[in-house]
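Descriptive analysis of the structure
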Amino acid sequence: MPERPSVLFALESRHIPLLFPPEVMARLTALADVDPGTVVDLRHPAAVAARRLLADTEVLITGWGCPALTVDVLDAAPKLRAVLHTGGSVKHLLPPEGWERGVLVSSAAAANALPVAEYTLGMILLAGKGVFELRERLRAERGFVLGEIHPHIGNVGRRVGLVGASKIGRRVIELLRPFDFEVLLHDPYVDRAEAARLGVRQVPLETLLATSDIVSVHAPATSATHHLIDRAGLASMRDGAVLVNTARGSLIDHDALAAELVSGRLSAVLDVTEPEPLPASSPLYELPNVLLTPHIAGSHGNELRRLGLIAVEELERLLAGHALRHRVDHGDLHRVA
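The protein is annotated in an unreviewed UniProt entry as Hydroxypyruvate reductase from Streptomyces jeddahensis. Looking at the protein in UniProt, the text filed under Sequence similarities (unreviewed entry) is "Belongs to the D-isomer specific 2-hydroxyacid dehydrogenase family."

Have a look at this one:
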C-alpha cells in the first residue's frame, strides 16, 4: 500500500464531525489522501461508479448508513484493500466475493463495547440498591423516614448472571471485579478453564437464570440465539430478579417477558426490545418495574470519537505493515453480532 493511500468515506455524513472531530480528522488527513467533505452514497453504486470516486480508492471508511458493499461496488473499486468500519457489526457489510478477494475488514466493536458495558454496570448497581421499588414508594409517599434501613437491598454478595462473553460481556466482567458480586457466565464458546481465567463461573443457562439476582444479556443475535431466554427460562427466574438487556430484543421472548413484568414478579432494564421501538400500546411504558431507554447504551455524542479513532489507528497499522488489531475474520461471522 502506498505511503499515502486513497481513502473514501461511505457513511452518513452527519456522523462525521462526531466520529472525526478536528484532532482525529487531522491525524487521518496526515496519513492519507482523503477529502473530509466527500462522502459516497453506496446505495447507488452505478452513480458512484460514473463519478469514478471508487476507481482509485484503497481504503473505505464505512459506518452507520452504509449499505452492504455489492459486487458492483467491489468491481468499481479494483484497488480496494481494506474496509475500516466505524460501527460494530460487519456481518452483512461484505458479500462473499469481497472476502474471497482478500479485502481486510476491521470493526470498531471493541470501542462501542465500552459505553454499553458502563451502562450495564450502572444498571446492575442501581438494581441491587432496589431503585425500582423504592423510587415508586418515594413517589407515592412523597417523603421517607430518614435513617430507615432497607434490609432487602444491597450489592454485597449479589449473584450476577451474564449471558454471553462477547466483547461487551468481557468488559462487563472487568468492570464488575472491584465489587462484591458473584458472577456467573453462560457462553457455549467458553470452557470452564477460560471462565476461570476470566474470574467467573461457567454454568448452564438454566442454572444462571434460576439462581441469579440480576441477569444481563450480551449474546449476539443469530438464528441460534433467537428467544434464547424463553417463557420457561423467564418463569424459572427468582421472584424479584432483574433482567438487563443491552444486546438485541430478539434474544428474549417479549410476549413472555411482558407477562412476567405485568405480574410484577420480575423487573427489567431494557435498552433494546422486540419490536424496536415498542408499539405505543405496550404496557411496558407504564410499568413501575420497567426502565426503558431508547437504545442509548452504545456510543452516542462524544463517545463516537472512539469509533473514528479506531479507524485511524487501524490505518496507521496498515501503513506500518502491522496486523489490524480489530480485524474481523470471515470464519467468525456466524457467531458474532
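Looking at the pattern of salt bridges
In the structure shown here, the tally under the stated rule is 21 salt bridges. The residue R170 makes a salt bridge to E194 at a minimum N-O spacing of 2.7 Å. With R170 in helix α8 (residues 167-176) and E194 in helix α9 (residues 192-198), this pair connects stretches of sequence that are 24 residues apart. Here the salt bridges share partners, and the residues they tie into one network are R135, E136 and R139.

What to know about a nonpolar patch on the surface
Taken together, the side chains of L138, F144 and L146 define a hydrophobic patch exposed on the protein surface, amounting to about 390 Å² of accessible area. The residue L138 is located in helix α7 (residues 131-141) in this model. Take L138: its relative accessible area is 42%, and that puts it in the partly exposed class.

Description of unusual backbone geometry
With omega at 0°, the peptide bond leading from E274 into P275 counts as cis. Among the secondary structure elements, P275 is positioned in the loop between β10 (267-270) and β11 (290-292). With omega at -5°, the peptide bond leading from E276 into P277 counts as cis. Along the chain, P277 falls in the loop between β10 and β11. The phi torsion at R142 lies on the positive side, around 55°, for a residue other than glycine. Take R142: it is sitting in the loop between α7 and β5 (159-163). Taking relative accessible area as the criterion, R142 reaches 70% and is therefore assigned exposed. With phi around 55°, H295 is a residue other than glycine that occupies positive phi space. With respect to the helices and strands, H295 occurs in the loop between β11 and α13 (304-320).

Some points on the sheet that holds strand β2 (residues 59-62)
Read across the open sheet, the four strands follow the order β1-β2-β3-β4; overall the sheet is parallel. Looking at strand neighbours, the two that pair on one side only are β1 (7-10) and β4 (104-107), the edges of this open sheet. Along the sheet, successive strands turn relative to each other by an average axial angle of 20°, direction set aside. Pairing between β2 and strand β3 (residues 82-85): four bridges, direction parallel. Across the sheet, residue T62 finds its bridge partner in β3, namely H85. Packing against the sheet, α13 makes contact with β1, β2, β3 and β4, and its axis sits at approximately 155° to β3.

Side note on the UniProt feature "domain: D-isomer specific 2-hydroxyacid dehydrogenase NAD-binding" (unreviewed entry) in the protein
When the UniProt feature table is mapped onto this chain numbering, "domain: D-isomer specific 2-hydroxyacid dehydrogenase NAD-binding" (unreviewed entry) sits at residues 122-297. Summarising residues 122-297: 33% helix, 15% strand, and an end-to-end C-alpha distance of 11 Å.

Quick word on the packing of aromatic side chains
Under the counting rule described, the total for this entry stands at two aromatic pairs. Seen from their ring centres, F179 and F181 are 6.1 Å apart, and the 50° between their planes marks the pair as tilted. Judged by relative accessible area, F181 falls into the buried class, the value being 13%.

Quick look at helix α2 (residues 22-31)
Among all positions of α2, only V24, M25, L28 and L31 are buried. Within α2, the buried residues cover an arc of 120° as seen down the axis, which keeps them to one side. Turned more than 90 degrees off the buried face of α2, the exposed positions are P22 and A30. On its buried face, α2 sits against β1, α1 (16-19), β2 and α13.

Describing the side chain of N155
Its location among the elements puts N155 in the loop between α7 and β5. Classification of N155 as buried rests on a relative accessible area of 16%. Polar side-chain contacts of N155 include one of 3.1 Å to the backbone oxygen of L125. With residues near it in sequence (within four places) discarded, N155 still touches I124, L125, G128, K129, D180 and F181.

Things to note about the environment of A320
Note on placement: A320 falls in helix α13. C-alpha separation for the pair A320 and L162, spaced 158 residues apart in sequence, amounts to 38 Å.

Quick look at the nonpolar core
Membership of the largest hydrophobic core comes to 28 residues, with the highest contact counts inside it found for L234, M237, L243, I252, L261 and L284. The set of elements that each furnish at least two residues to this core consists of α10 (205-211), β8 (214-217), α12 (254-263) and β10. Looking at which element gives the most residues to this core, the answer is α12, with four residues. Ignoring anything within four residues of it in the chain, the contact list for L261 reads L266, S267, A268, L284, L287, N289 and V290.

Calculation notes
- Residues numbered from 1 in each chain as written.
- Predicted model: local features only at pLDDT ≥ 70, side-chain atom pairs only at ≥ 80, totals over all residues.
- Heavy atoms only, no water.
- UniProt positions renumbered as here; feature names shortened; annotations may be inferred.
- Salt bridge = Lys/Arg side-chain N within 4 Å of Asp/Glu carboxyl O.
- Helix = DSSP H or I, 4+ residues; strand = E, 2+ residues; numbered from the N terminus.
- Patch = residues over 30% accessible without salt bridge, like charges linked within 9 Å, V, L, I, M, F, W, Y side chains within 5 Å.
- Areas by Shrake-Rupley, 256 points an atom, 1.4 Å probe, with all protein chains shown as cover.
- Buried < 20%, exposed > 50% of the residue type's maximum accessible area, 1.4 Å probe, protein only.
- Pairing = 2+ DSSP bridges.
- Axes fitted to C-alpha atoms, helices over the stretch in contact; angles between N-to-C directions.
- Contact = heavy atoms within 4.5 Å.
- Phe/Tyr/Trp six-rings, centres within 6.5 Å; stacked < 30°, edge-to-face > 60°.
- Arc of directions from axis to C-beta.
- Polar contact = N/O pair within 3.5 Å; in protein donor to acceptor, adjacent residues only side chain to side chain.
- Core = buried A, V, L, I, M, F, W, Y, C linked by side-chain atoms within 4.5 Å.

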